[in-house]
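# Per-entry structural report
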Amino acid sequence: MRRPLVAGNWKMNGTRASVAELTEALKQQALLATVEVVVFPTCLHVGRVVSELANVSIAVGAQDCSTEAGFGALTGEVSASQLADAGCEWVLVGHSERRLILGESDGVVSQKFKAALACGLMPVLCLGETLEQREAGQTLEVVERQLACVIAAAGIASFERAVVAYEPVWAIGSGLTATPEQAQEIHAAIREQLSREDKRVADGVRILYGGSVKAENAAELFGMADIDGGLVGGASLKANDFGAICRAAGN
Ligand code: PEP
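Nothing here was measured: the structure is a model prediction, and the numbers come from that model.

## Some remarks on the overall build of the chain
Secondary structure summary: the chain contains 11 helices and 8 strands in total. Against the compact-globule benchmark of 18 Å for 251 residues, the chain has a radius of gyration of 17 Å, which places it among compact chains. Dimensions along the principal axes, computed over C-alpha positions, put the chain at roughly 45 × 45 × 35 Å. Here the chain holds 251 residues, and the buried ones make up 49% of them. Across the chain, every contact between residues at least 6 apart in sequence was considered, and the portion connecting residues at least 24 apart equals 72%.

## Concerning the pattern of salt bridges
Two side chains carrying opposite charge are able to pair once their charged atoms lie near each other. In the structure shown here, the tally under the stated rule is 18 salt bridges. Close ionic contact of Arg134 with Glu129 constitutes a salt bridge, the shortest N to O distance being 2.7 Å. Exposure remark for Glu129: the relative accessible area of 0% places this residue in the buried category. Overlapping salt bridges bring together Arg2, Arg191, Asp226 and Asp228 as one network.

## Let's talk about the site of the ligand
Around the ligand sit 14 residues in total, of which Lys11, Glu167, Gly173, Ser212 and Gly233 are the nearest. The separation between an oxygen atom of the ligand and a polar main-chain atom of Ser212 is 2.8 Å. Gly233 places a main-chain nitrogen or oxygen 2.8 Å from an oxygen atom of the ligand. The fraction of the free accessible surface of the ligand (290 Å²) that becomes covered by protein chains is 96%. The class makeup of the residues in the shell around the ligand is 4 nonpolar, 8 polar and 2 charged.

## Examining the sheet that holds strand β2 (residues 36–40)
Strands sit in the order β1-β2-β3-β4-β5-β6-β7-β8 around a closed barrel of 8 strands; the barrel is parallel. Across the sheet, the axes of successive neighbouring strands diverge by a mean angle of 25 degrees, strand direction being ignored. As paired elements, strand β4 (residues 90–93) and strand β5 (residues 122–127) share 4 bridges and run parallel to each other. Looking at the pairing, Leu92 lines up with Val124 of β5. Each of β5, β6 (163–166) and β7 (207–210) is contacted by helix α8 (residues 180–197), which is oriented at about 150 degrees to β7, the strand it contacts most.

## Points about unusual backbone geometry
With phi around 50 degrees, Lys11 is a residue other than glycine that occupies positive phi space. When you line up the elements, Lys11 lands in the loop between β1 (5–9) and α1 (16–27). Phi is positive for Ser212, close to 55 degrees, though the residue is something other than glycine. Residue position: Ser212 is located in the loop between β7 and α10 (218–222). The buried category is assigned to Ser212, whose relative accessible area is 14%.

## Description of helix α11 (residues 239–248)
Regarding α11, the residues found buried are Ala239, Phe242, Gly243, Ile245, Cys246 and Ala248. Elements in contact with the buried residues of α11: β1, α1, β2, α10 and β8 (229–232).

## Quick word on the pairing of β8
Burial along β8 is two-sided: Gly229 and Leu231 facing one way and Gly230 and Val232 facing the other are all buried. Bridging between β7 and β8 involves 2 bridges; their strand directions are parallel. Paired with Gly210 across the strands is Leu231, a residue of β8.

## Let's talk about the environment of Gly155
Checked against the element boundaries, Gly155 lands in the loop between α7 (139–154) and β6. Taking the relative accessible area as the measure of exposure, Gly155 reaches 25% and is therefore partly exposed. As for Gly155 and Lys114, which are separated by 41 residues in sequence, their C-alpha atoms are 9.6 Å apart.

## Some details on the packing of helix α5 (residues 106–118) against α7
With their axes 9 Å apart at the nearest point, α5 and α7 run at an angle of 45 degrees to one another. Looking at the two axes, α5 sits oblique to α7. Once α5 is placed against α7, the crossing between them reads as right-handed. Residues Asp106, Gly107, Ser110, Phe113 and Lys114 of α5 lie in contact with α7, whose contacting residues are Arg145, Gln146, Cys149, Val150, Ala153 and Ala154. A per-class count over the contact of α5 with α7 returns 5 nonpolar, 3 polar and 3 charged.

Parameters at a glance
- Residues numbered from 1 in each chain as written.
- Predicted model: local features only at pLDDT ≥ 70, side-chain atom pairs only at ≥ 80, totals over all residues.
- Heavy atoms only, no water.
- Helix = DSSP H or I, 4+ residues; strand = E, 2+ residues; numbered from the N terminus.
- Rg over C-alpha atoms; globule rule 2.2 N^0.38 Å.
- Buried < 20%, exposed > 50% of the residue type's maximum accessible area, 1.4 Å probe, protein only.
- Contact = heavy atoms within 4.5 Å.
- Salt bridge = Lys/Arg side-chain N within 4 Å of Asp/Glu carboxyl O.
- Near = heavy atom within 4 Å.
- Polar contact = N/O pair within 3.5 Å; in protein donor to acceptor, adjacent residues only side chain to side chain.
- Areas by Shrake-Rupley, 256 points an atom, 1.4 Å probe, with all protein chains shown as cover.
- Nonpolar A, V, L, I, M, F, W, Y, C, P; charged D, E, K, R; others polar.
- Pairing = 2+ DSSP bridges.
- Axes fitted to C-alpha atoms, helices over the stretch in contact; angles between N-to-C directions.
- Parallel < 35°, antiparallel > 145°, perpendicular 65-115°, else oblique.
- Left-handed = near helix turned anticlockwise from the far one by under 90°.

Laid out in structure tokens, this is it:
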């Protein structure tokens with residue numbers, strides 16, 4: 001039985017004041033113990049959010065980490081060990097905004113995934129196709145290639161301590177959501193690919209859907225057999241909406 005998980009990606013949003021307001025409002029949400037919840041503020045706000053949420057069962061993660069796990073001469077980067085030291089338990093790797101806008105390759109994503117694991121962080125590996133790729137009928141091929149690279153670099157056993165997020169790029173921040181059937185098809189293919197390496201690991205891996213998840217469409221998406229929760233962007237910035245999405249994952 002996989003425990004549902006809802007993750008809130010705050011992206012490059014927030015000031016000290018708005019982050020304090022959001023964490024305060026999150027603390028007021030009625031959350032179900034059956035659903036695991038994690039939020040991903042910017043690196044700048046991670047320490048503060050960790051302290052603010054210390055007494056509630058909402059974990060904190062970072063939106064990215066360096067390919068290097070330790071310390072050293074890499075100006076501007078933040079390593080997984082520093083994130084762990086700051087109280088992070090999770091980290092996103094391979095978000096499409098980093099792959100497409102900042103040019104992160106599958107190889108770089110794989111190194112970040114390994115660095116996260118080496119420091120005891122739980123990586124959320126983001127995969128997904130662009131609209132162009134979907135329209136060209138390449139969705140399965142693209143997602144399979146992204147996942148295969150990480151399996152080859154980190155090994156299938158590493159997925160015992162990782163989460164996968166399927167996020168069609170065309171659905172992110174666009175208001176367009178994959179239908180539950182479209183999402184389920186890809187989630188099942190991801191699990192099948194993992195299963196070819198190790199069925200037990202594949203059966204235990206949580207696969208989140210991301211792409212314009214809202215309070216209104218969450219329950220339908222989360223009702224699909226291979227959708228174990230959501231990675232939520234825009235709606236995670238509104239505590240009431242995020243709370244409702246978290247509750248939908250428990251029903
Ligand atoms: C995301 O950034 O991971 C995301 C899914 O964003 P949104 O929910 O806004 O589409």
